[in-house]
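Here is what each chain is made of, one letter per residue.
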Amino acid sequence: MSRLLEDLAARGLLYQQTHAEELAAHLAEPRRVYGGFDPTSDSLTVGNLLVLQLLARFQRAGHTPVIILGGGTGLIGDPSGKSAERPTLSAEVIQANVEAQRQIFARLFSFEGPNAAIVLNNADWLSKLGFLEVLRDIGKHFSVNMMIQKDSVRERLHGREQGISYTEFSYMLLQAYDFLHLLEQQQVTLQVAGSDQWGNIVAGVELIRRVRQLEAFGLTAPLITKSDGTKFGKTETGAIWLTQERTSAYQFFQFWLNTSDDEVAKYLKVFTHFSLEQVAELEAAQAANPGARPAQRALAEHMTELLHGADARLQAEQAAAALFSGEVRELSEALLEEILSSAPSSSHSRKALGGAGMSAVDLLVETGIATSKRQAREFLANGAVTFNGAKVAPEANVTLADLLHAKLLLVRRGKKTWHVTRWS
């Protein structure tokens, strides 16, 4: 086995491969390796990071990554992993999504040197194919018997309510043709993907064998799930995206920081570029002092800097530290709104803060933090409440001068319960 394949296996990234011994020998020389990405949105999610980082590992080992944006196949829709037909997107939306996703690759791959990454859009060749040409030159190499055995197709065929259209049923032909085209035009000999794409990969390998009598290869990594079996990359607020416009650097940092102790070692191996020795050291540090969460912090710092840059990573760290300590006065208004976006909030009139202002007791009752003035006084007397990070005396009043950015007052009870008051 090649050193790269050994490393992938040790990280838990090697699931299926065609002709394992031949593939190991094949990778002894620099090769071109491709992975494809669906342009159903203007960003990709952390679920896509599995294959992105897999391609990046090949580049670091001296091979050339070829990134395929599915501008053509995106018009059809891959049925893999779907229980119903995908919504049809217009060609204009697909093209806009393709362009928007390009910024992600600039973060993860090198576009310089002898094995500089290549980004292609399969619409450039698929859109030139005619229907009769596809049936004659591609379709004749596929057995319908074989195609309906594919899990995603079989499940949809048996589901009377969902079914599967001829359009999505034919997706396998187009992905197989992608591989053939890339072999002929780009000398690509290996396709990598998540394990849900195994059927499509094998179809491409077989098409190449039949049409060109050449050997091509496929490799998959296991799909990542959480320890409870739920889908990786999903949170209560939705998917975690790879661009700032969809998921901020702070939210991205928090996603990795909140990784469970059971999962953090796996994520360090699969998603980071840390050596296995570095991962082992972090595992040991985690076991010695789990409360400090050194493994989660290393994971969050590495992934945030990788996707968002050093400055964004530093800002996310500072925001997390400020939220933990309560020292929020120096944070920008935009960052405050972001890090407390899920906290309860209330709106108030600035007129109430004129003159001597509003008593802290009344504010706690008005916001619902305390159910009565008596309880509010108890909270304040016990030092359980802070306004903008500073403890508040029972007799204190809130005035306009206390507002952050002339509009916000952040109330915290205990260590974690925040409430945002907005004044206008």
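Before going into details, it helps to say that this report is about the structure given with it. Given the structure is predicted, the values throughout are model-derived calculations rather than measurements.

What counts as what
- Residues numbered from 1 in each chain as written.
- Predicted model: local features only at pLDDT ≥ 70, side-chain atom pairs only at ≥ 80, totals over all residues.
- Heavy atoms only, no water.
- Helix = DSSP H or I, 4+ residues; strand = E, 2+ residues; numbered from the N terminus.
- Buried < 20%, exposed > 50% of the residue type's maximum accessible area, 1.4 Å probe, protein only.
- Areas by Shrake-Rupley, 256 points an atom, 1.4 Å probe, with all protein chains shown as cover.
- Lys, Arg positive; Asp, Glu negative; His and termini not counted.
- Charge placed at Lys NZ, Arg CZ, Asp CG, Glu CD.
- Pairing = 2+ DSSP bridges.
- Core = buried A, V, L, I, M, F, W, Y, C linked by side-chain atoms within 4.5 Å.
- Contact = heavy atoms within 4.5 Å.
- Right-handed = clockwise from strand over helix to strand, strands pointing away.
- Expected span 1.5 Å × (residues − 1).
- Phe/Tyr/Trp six-rings, centres within 6.5 Å; stacked < 30°, edge-to-face > 60°.
- Lys NZ or Arg CZ within 6 Å of the ring centre and 35° of its normal.
- Salt bridge = Lys/Arg side-chain N within 4 Å of Asp/Glu carboxyl O.

**Considering the overall build of the chain**
Then comes step 1: Scanning the chain for helices and strands turns up 19 helices and 15 strands.
Then comes step 2: Counting only C-alpha atoms and orienting by the principal axes, one finds that the chain spans roughly 85 × 50 × 40 Å.
Then comes step 3: When burial is assessed residue by residue, the chain has 50% of its 424 residues classed as buried.
Then comes step 4: For the chain, the accessible surface area stands at approximately 20,500 Å², while carbon and sulfur atoms represent 50% of it.
Then comes step 5: Here the chain carries 42 positive and 47 negative side-chain charges, and the mean point of each set is 4 Å from the other.

**Some remarks on the sheet that holds strand β14 (residues 408-413)**
Then comes step 1: Taken in spatial order, the 5 strands of this open sheet run β9-β15-β14-β11-β12, and their pairing is mixed. Edge positions in the open sheet fall to β9 (345-348) and β12 (390-391), since each of these has one partner strand only.
Then comes step 2: Two strands pair when backbone bridges link them, and β9 and strand β15 (residues 417-423) are joined in this way by 4 bridges, in the parallel orientation. Within β15, the residue paired with S346 across the bridge is T421.

**Notes on the nonpolar core**
Then comes step 1: Residues L49, L52, F58, L219 and W256 are the most contacted members of the largest nonpolar core, which totals 76 residues.
Then comes step 2: Residue contributions to this core peak at 8 residues, all from helix α3 (residues 49-60).
Then comes step 3: Discounting residues that sit within four places of it in the chain, W256 has contacts with V46, L49, F232, Y267, F271, Q296, L299, A300 and M303.

**Considering the sheet that holds strand β5 (residues 188-194)**
Then comes step 1: The 6 strands are arranged β1-β6-β5-β2-β3-β4 in an open sheet whose pairing can be described as mixed. With partners counted over all chains shown, the strands left at the sheet margins are β1 (16-17) and β4 (118-121), one partner each.
Then comes step 2: Note: strand β3 (residues 64-69) against β4, 4 bridges, orientation parallel. From the neighbouring strand, V66 faces β4, where its bridge partner is I118.

**Things to note about the pairing of strand β6 (residues 217-221)**
Then comes step 1: Taking burial as the measure, the 5 residues of β6 include 5 buried ones, the bulk of the element.
Then comes step 2: The side-chain alternation of β6 yields two buried faces, one formed by F217, L219 and A221 and the other by G218 and T220.
Then comes step 3: Across 2 bridges, the pairing between β1 and β6 is antiparallel. Looking at the pairing, Q17 lines up with L219 of β6.
Then comes step 4: Looking at chain direction, β5 and β6 are connected through 5 bridges and run parallel. Each bridged residue has a counterpart across the sheet, and for V192 the counterpart in β6 is L219.
Then comes step 5: Taking the sense of rotation as the criterion, the β-α-β connection linking β5, helix α11 (residues 198-212) and β6 turns out right-handed.

**Remarks on helix α15 (residues 294-308)**
Then comes step 1: End to end, α15 covers 21 Å across 15 residues, agreeing with the expected 21 Å (1.5 Å per residue, within 8%).
Then comes step 2: A large share of α15 lies buried, amounting to 11 of its 15 residues.

**A few points about unusual backbone geometry**
Then comes step 1: We note that H19 has phi near 50°; this positive angle belongs to a residue other than glycine.
Then comes step 2: Structurally, H19 can be placed in the loop between β1 and α2 (20-26).
Then comes step 3: Backbone geometry at N388 places phi at a positive 55°, although glycine is not the residue there.
Then comes step 4: As for its placement among the helices and strands, N388 is situated in the loop between β11 (385-387) and β12.
Then comes step 5: A relative accessible area of 2% places N388 in the buried class.

**A short note on the packing of aromatic side chains**
Then comes step 1: Tallied over the entire structure, the rule returns 7 aromatic pairs.
Then comes step 2: Taking the centre distance of 6.3 Å and the plane angle of 90° together, the rings of W256 and Y267 count as edge-to-face. With W256 in helix α12 (residues 249-257) and Y267 in helix α13 (residues 264-271), this residue pair connects regions lying 11 residues apart in the sequence. An identical accessibility class is assigned to W256 and Y267; each is buried.
Then comes step 3: Positioned over the ring face of W241 is R246, at 4.4 Å from the centre of the ring.
Then comes step 4: The ring of F379 carries R413 above its face, with NZ or CZ at 4.8 Å from the centroid.

**A closer look at the pairing of strand β2 (residues 32-37)**
Then comes step 1: Note that β2 and β3 share 6 bridges and pair parallel. Across the sheet, the residue bridging to V33 is P65, located in β3.
Then comes step 2: Crossover β2 to β3 through α3 is right-handed.

**Describing the pattern of salt bridges**
Then comes step 1: Within this structure, the stated rule accounts for 14 salt bridges.
Then comes step 2: For E206, the salt bridge identified is with R209, shortest N-O distance 2.4 Å. With E206 and R209 both in helix α11 and 3 residues apart, this pair spans about one turn of that helix.
Then comes step 3: For E206, a relative accessible area of 28% translates into the label partly exposed.
Then comes step 4: A salt bridge links E206 to R210, with the nearest nitrogen and oxygen atoms 3.0 Å apart. Linking E206 with R210, this pair stays in helix α11, spanning 4 residues, or about one helical turn.

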